[in-house]
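# Notes for the structure review
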Amino acid sequence: MIKVEDVHKSFGDEEILKGITTEFDKGKTNLIIGQSGSGKTVLLKCLLGLFRPEQGRIYYEDKAIQDMDDEEQRKLREEIGMLFQGGALFDSMNIEENVMFPLRMFTKQKKADMLERVNEVLKRVNLENVNKKFPAEISGGMQKRVSIARAIVNKPKFLFCDEPNSGLDPKTATLIDTLIQEITHEYDITTVVVTHDMNSVMEIGEKVVLLKHGKLVWQGTNQEIFKTDNDDVTNFVYSSDLFKKIRDVQLKEG
Amino acid sequence: MKYLRDIGSYFLMIKKVFGSFTKTSVLKHLIFKEIDDLIIDSLGIVAFISFFVGGVVSIQTALNMDNPLIPKSLIGFATRQSVILEFAPTFISIIMAGKVGSFITSSIGSMRVTEQIDALEVMGINSLNYLVFPKIVSLMFYPFVIVISMFLGIMGGWVAGVYGGFSSSSDFVAGLQESFIPYHLFYAFFKTYVFSFILATVPSWQGYYMKGGALEVGKASTNSFVWTSVLIIAANYIITQLLLSS
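Residues numbered from 1 in each chain as written. Chains lettered and ligands numbered in written order. Predicted model: local features only at pLDDT ≥ 70, side-chain atom pairs only at ≥ 80, totals over all residues.

What follows covers the overall build of chain A. A count of helical and extended segments in chain A gives ten helices and ten strands. Computed over C-alpha atoms, the radius of gyration of chain A comes to 19 Å, within 12% of the 18 Å expected from 2.2 N^0.38 for 254 residues, which places it in the range of a compact globule. With the principal axes as the frame, chain A shows a C-alpha extent of 55 × 45 × 30 Å. The buried share of chain A, taken over its 254 residues, is 38%. For chain A, the proportion of contacts with a sequence separation of at least 24, taken over those separated by at least 6, is 67%. (Helix = DSSP H or I, 4+ residues; strand = E, 2+ residues; numbered from the N terminus. Rg over C-alpha atoms; globule rule 2.2 N^0.38 Å. Buried ≥ 20, exposed ≤ 12 C-beta atoms within 10 Å, placed from the backbone. Contact = placed C-beta atoms within 7 Å.)

Structural data, given as structure tokens:
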């Protein structure tokens, strides 16, 4: 579990996060949603320790990241898997080397054992026979899956995903979302996904946190989204005609 | 003010490069890769340029010797001095600022743009140590490139001087041996080491702290060449003043 308590973050005179307080539950896919500029990515970077909040605390399980010394923070990061928007695979390494990278850096396993684990996670994300290919030689969807494989290869406790299905066609986007949710349940990890894709919210939003202008304006499950009359939620969700129609159907069905 | 900030950020980067080391087995692999990319891959262009510029120095010296009282051995002497003191260490370093410097900036810059550096940081890896330290170590082998450049430059001078009919082989070789001061080699290699540090760190700084997209990677590579060259020329002047003027 990750607990966020009254987090404030500014850049210069501009306050980006204005006192965010929430919890991200273990074994669930927790979504941070909001319009561009709402502070989603800044919150994510604060969670990852890449940005240091001026005020407030972020707890990983029971310990605040602010109270950790460098060694404890380094150890914590070994327990974190991250899926970047563009995949962030290392261009100079092939797929096998990319996925093996966290194992090479943080474990003392033999190469054969590492290779076995790499093949296991590649199979888990439905990728086989791509080991020797380079990132530029595979599609965007496959790159995302390799990135997921790299994120989970060292059995993390926390998984962070930044816009995991941006730039993907709807079918592949659904596949990636489903994969993230399955892995979250399978490994019983705390997953935090930053997105503005309403399809993702509906498919995997076991807990949804809505940010607006740096403030948390609503939180709940994806099912509760249809029932709430919070203006910020309705303005964000029903900016799409499709979702307006879905809501009407849901309301009719009670 | 911006320059002061940049200078500060450059020295802070150097400090971070030597903090929190990457796993030794991984570093070893990275260093060999960098030696291949930065040193071995540069040998061809360095050999080509050194041989022909050495030849040109020899021909220019010969063509400017109007007075029959000046011995022909001066051609060998002038070629040796030009190549060892300036051409090989300084001129080749400027060329390397273009070749190796642009490569370093664009490769690190691309990693910044595509979030690969963020990925390293999130994993708890000191990205500066991981990316820059192997480059500094691999460029410690840069003096070997300069040795090859010196040898081929003088060889080019000999070929152009002798086969161009400007000097006999014995005169040229006599010139090479004339008034040789071993301290000049120390001076040449001392400044080569200084240049190698500049070649590894300034382009890395340009790439690491760049902001923006693909266009900015190109701009950073250009800036990297300009600043690396400027610093090499400035360092050359200061080192020459300190080591040779007394």
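Moving on, we come to the overall build of chain B. Along chain B, the regular secondary structure elements total ten helices and zero strands. Its helices and strands in sequence order give chain B the pattern α-α-α-α-α-α-α-α-α-α, from N to C terminus. Principal-axis analysis of the C-alpha atoms places the extent of chain B at approximately 70 × 35 × 35 Å. The buried share among the 246 residues of chain B stands at 41%. The long-range share in chain B, meaning contacts at least 24 apart out of those at least 6 apart in sequence, stands at 88%.

What follows deals with the nonpolar core. Soluble globular proteins: nonpolar side chains tend toward being buried together. Among the nonpolar cores identified, the biggest contains 113 residues, and Ile32, Leu43, Leu47, Val99, Ala149 and Phe160 of chain A are the most heavily contacted of them. The dominant element in this core, judged by the number of residues it contributes, is helix 4 (residues 73-113) of chain B, at twelve residues. Among all residues touching Phe160 of chain A, those that are not within four sequence positions of it are Leu44, Leu47, Leu48, Ile80, Met82 and Val192 of chain A. (Core = buried A, V, L, I, M, F, W, Y, C linked by C-beta atoms within 7 Å.)

All names here are of chain A. Here six strands make up an open sheet; going across it, the order is 6-7-8-3-9-10 and the pairing mixed. Looking at the sheet topology across the chains shown, the edges are occupied by strand 6 (80-83) and strand 10 (215-220). For this sheet, the mean angle separating the axes of adjacent strands, direction not counted, is 20 degrees. (Pairing = 2+ DSSP bridges. Axes fitted to C-alpha atoms, helices over the stretch in contact; angles between N-to-C directions.)

The next point concerns the interface of chain A and chain B. Contacts between the two partners involve 14 residues from chain A and, on the opposite side, twelve residues from chain B. The class makeup of the residues in the side of chain A that touches chain B is nine nonpolar, one polar and four charged. (Nonpolar A, V, L, I, M, F, W, Y, C, P; charged D, E, K, R; others polar.)

Residue and element names in this part refer to chain A. Here we have four strands laid out as an open sheet, ordered 2-1-4-5, and antiparallel in their pairing. Only two strands of the sheet have a single partner each, and these edge strands are strand 2 (14-24) and strand 5 (63-64). The pairing of strand 1 (residues 2-11) with strand 2 spans eight bridges and is classified as antiparallel. Bridge pairing in strand 2 places Lys9 opposite Leu17.

Residues and elements named next belong to chain B. A rise of 1.5 Å per residue sets the reference length of helix 6 (residues 127-138), with its twelve residues, at 16 Å; its end C-alpha atoms lie 17 Å apart and thus fit the reference within 8%. Within helix 6, nine of the twelve residues are buried, leaving the element largely enclosed by the surrounding structure. Those residues of helix 6 lying buried are Ser127, Leu128, Tyr130, Leu131, Val132, Phe133, Pro134, Lys135 and Ser138. Packed against the buried residues of helix 6 are helix 1 (2-17), helix 2 (24-39), helix 4, helix 5 (116-122) and helix 9 (182-208). (Expected span 1.5 Å × (residues − 1).)

This brings us to the pairing of strand 7 (residues 158-162) of chain A. All names here are of chain A. The buried fraction of strand 7 amounts to five of the five residues, a majority that puts the element mostly inside the structure. Neither face of strand 7 is open: one carries Phe158, Phe160 and Asp162, the other Leu159 and Cys161, and all of them are buried. Summarising the sheet, strand 6 and strand 7 pair through four bridges and their orientation is parallel. Across the sheet, residue Ile80 finds its bridge partner in strand 7, namely Phe158. The pairing of strand 7 with strand 8 (residues 190-195) spans five bridges and is parallel. Looking at strand 8, one finds that Asp162 is bridged to Val194.

All names here are of chain A. Across the six residues that make up strand 9 (residues 207-212), a large majority, five, are buried. For strand 3 (residues 29-34) and strand 9, the ladder comprises five bridges, and the chain directions are parallel. Among the inter-strand pairings, Leu31 is bridged to a residue of strand 9, identified as Val208. Pairing of strand 9 with strand 10 involves five bridges; the strand directions are antiparallel. Within strand 10, the residue paired with Leu211 across the bridge is Leu216. Between strand 9 and strand 10, which pair antiparallel and follow one another directly, the connecting turn spans two residues, one of which, His213, has a positive phi of 50 degrees.

So, on to unusual backbone geometry. All names here are of chain A. With phi around 45 degrees, Glu163 is a residue other than glycine that occupies positive phi space. With respect to the element layout, Glu163 can be found in the loop between strand 7 and helix 6 (170-187). With 19 C-beta atoms counted inside 10 Å, the residue Glu163 sits in the partly exposed group. At Asp188, a position not held by glycine, the phi torsion is positive, near 55 degrees.

All names here are of chain A. Examined against the element boundaries, Leu83 turns out to sit in strand 6. In this structure Leu83 comes out as buried when scored by C-beta crowding, with 25 C-beta atoms within 10 Å. With 54 residues separating them in the primary sequence, Leu83 and Thr29 have C-alpha atoms 14 Å apart. In this structure Leu83 touches Ser147, Ile148, Ala151, Cys161, Asp162 and Pro164, once residues within four positions along its chain are discounted.

All names here are of chain B. Close contact between helix 1 and helix 6 brings their axes to 8 Å; oriented N to C, the two are set at 95 degrees. Looking at the two axes, helix 1 sits roughly perpendicular to helix 6. Contacts from Met13, Lys16 and Val17 in helix 1 reach Leu128, Asn129, Val132 and Phe133 in helix 6. When the residues that make up the contact of helix 1 with helix 6 are grouped by side-chain class, the tally is five nonpolar, one polar and one charged. (Parallel < 35°, antiparallel > 145°, perpendicular 65-115°, else oblique.)

Everything listed here is a matter of geometry and, on its own, says nothing about what the molecule does.
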